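Read off the chains here:
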Amino acid sequence: MTPFVIIGICGVGVLLLSLLLDGILDLDGLAGDWFSTAALGGFVSALGFGGAIAQGAGAPQLVATGIGAGAGLLVGWFCAWLTRLVRSGATDETPTTRDVVGWDAQVVSAIPEGGYGAITVRRGGHTFRFNAQAERALPGHRGARHRRALTDRRDGRRDVRRPP
């Protein structure tokens with residue numbers, strides 16, 4: 001049982017190196033994510049700890065090694081899948097004032113005719129609050145549509161008519 005625990009601890013060490021060194025030790029020439037340090041560390045740690053658990057439950061050495069290898073393959077596959085998912089994830093840029101043109105907004109404070117009020121636009125988890133002008137007076141707490149950006153701080157708004 002002790003050799004399996006030592007193997008498991010070594011696998012956890014490889015996982016920690018993978019986390020700290022951020023893929024510097026990855027073998028990109030050999031099937032990319034399958035031989036990443038995260039996948040390798042996951043395989044080795046699951047092999048060690050899975051084998052130790054099986055041997056502690058009374059399984060002979062050869063059976064415990066097979067169980068550990070099966071657990072290692074499963075965890076290694078999961079680590080490779082997770083690594084691939086993280087690396088290929090989209091990284092959207094932070095939306096700007098011009099990106100929210102055409103989106104629905106909520107009038108926060110009333111917008112008098114010829115004056116300014118405040119509106120809120122929500123997009124992609126970001127909340128924007130703008131000073132706004134409207135073609136006609138808009139009461140607070142109603143929907144509006146972002147029509148155009150006048151400047152970085154002022155936006156044109158149009159009343160949105162919702163069906164009854």
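Here is what the cut-offs are and how they apply
- Residues numbered from 1 in each chain as written.
- Predicted model: local features only at pLDDT ≥ 70, side-chain atom pairs only at ≥ 80, totals over all residues.
- Heavy atoms only, no water.
- Helix = DSSP H or I, 4+ residues; strand = E, 2+ residues; numbered from the N terminus.
- Buried < 20%, exposed > 50% of the residue type's maximum accessible area, 1.4 Å probe, protein only.
- Contact = heavy atoms within 4.5 Å.
- Areas by Shrake-Rupley, 256 points an atom, 1.4 Å probe, with all protein chains shown as cover.
- Polar contact = N/O pair within 3.5 Å; in protein donor to acceptor, adjacent residues only side chain to side chain.
- Phe/Tyr/Trp six-rings, centres within 6.5 Å; stacked < 30°, edge-to-face > 60°.

A.B. asks: Please give an account of the overall build of the protein chain that cites residues and values.
C.D. replies: Looking only at helices and strands, the protein chain has three helices and five strands in total. Along the protein chain, helices (α) and strands (β) appear in the sequence α-α-α-β-β-β-β-β when read from the amino end. Across the 164 residues that make up the protein chain, the buried fraction comes to 34%. Long-range contacts, defined here as pairs at least 24 residues apart, represent 53% of the contacts in the protein chain between residues at least 6 apart. In the structure as shown, the protein chain presents an accessible area of about 10300 Å², 63% of it carried by carbon and sulfur atoms.

A.B. asks: Could you give an account of the side chain of S45, naming the residues involved and the relevant values?
C.D. replies: Residue position: S45 is located in helix α2 (residues 37–56). Note on S45: relative accessible area 8%, which makes it buried. Engagement of the side chain of S45 in a polar contact is seen with the backbone oxygen of G41, the distance being 2.9 Å. Excluding residues within four positions of it along the chain, S45 makes contact with G8, G11, V12 and L15.

A.B. asks: Before we move on, could you go through the packing of aromatic side chains and cite the residues and values that matter?
C.D. replies: Within the structure shown, the criterion is met by three aromatic pairs. Judged by centre distance (6.4 Å) and plane angle (15°), the ring pair of W77 and W81 falls under stacked. On the criterion of helical spacing, the pair formed by W77 and W81 is a turn pair, its members being four residues apart in helix α3 (residues 61–87). We classify W77 as partly exposed; its relative accessible area is 43%. The class for W81 is partly exposed, based on a relative accessible area of 37%. With 5.8 Å between their ring centres and 5° between their planes, F128 and F130 make a pair best called stacked.

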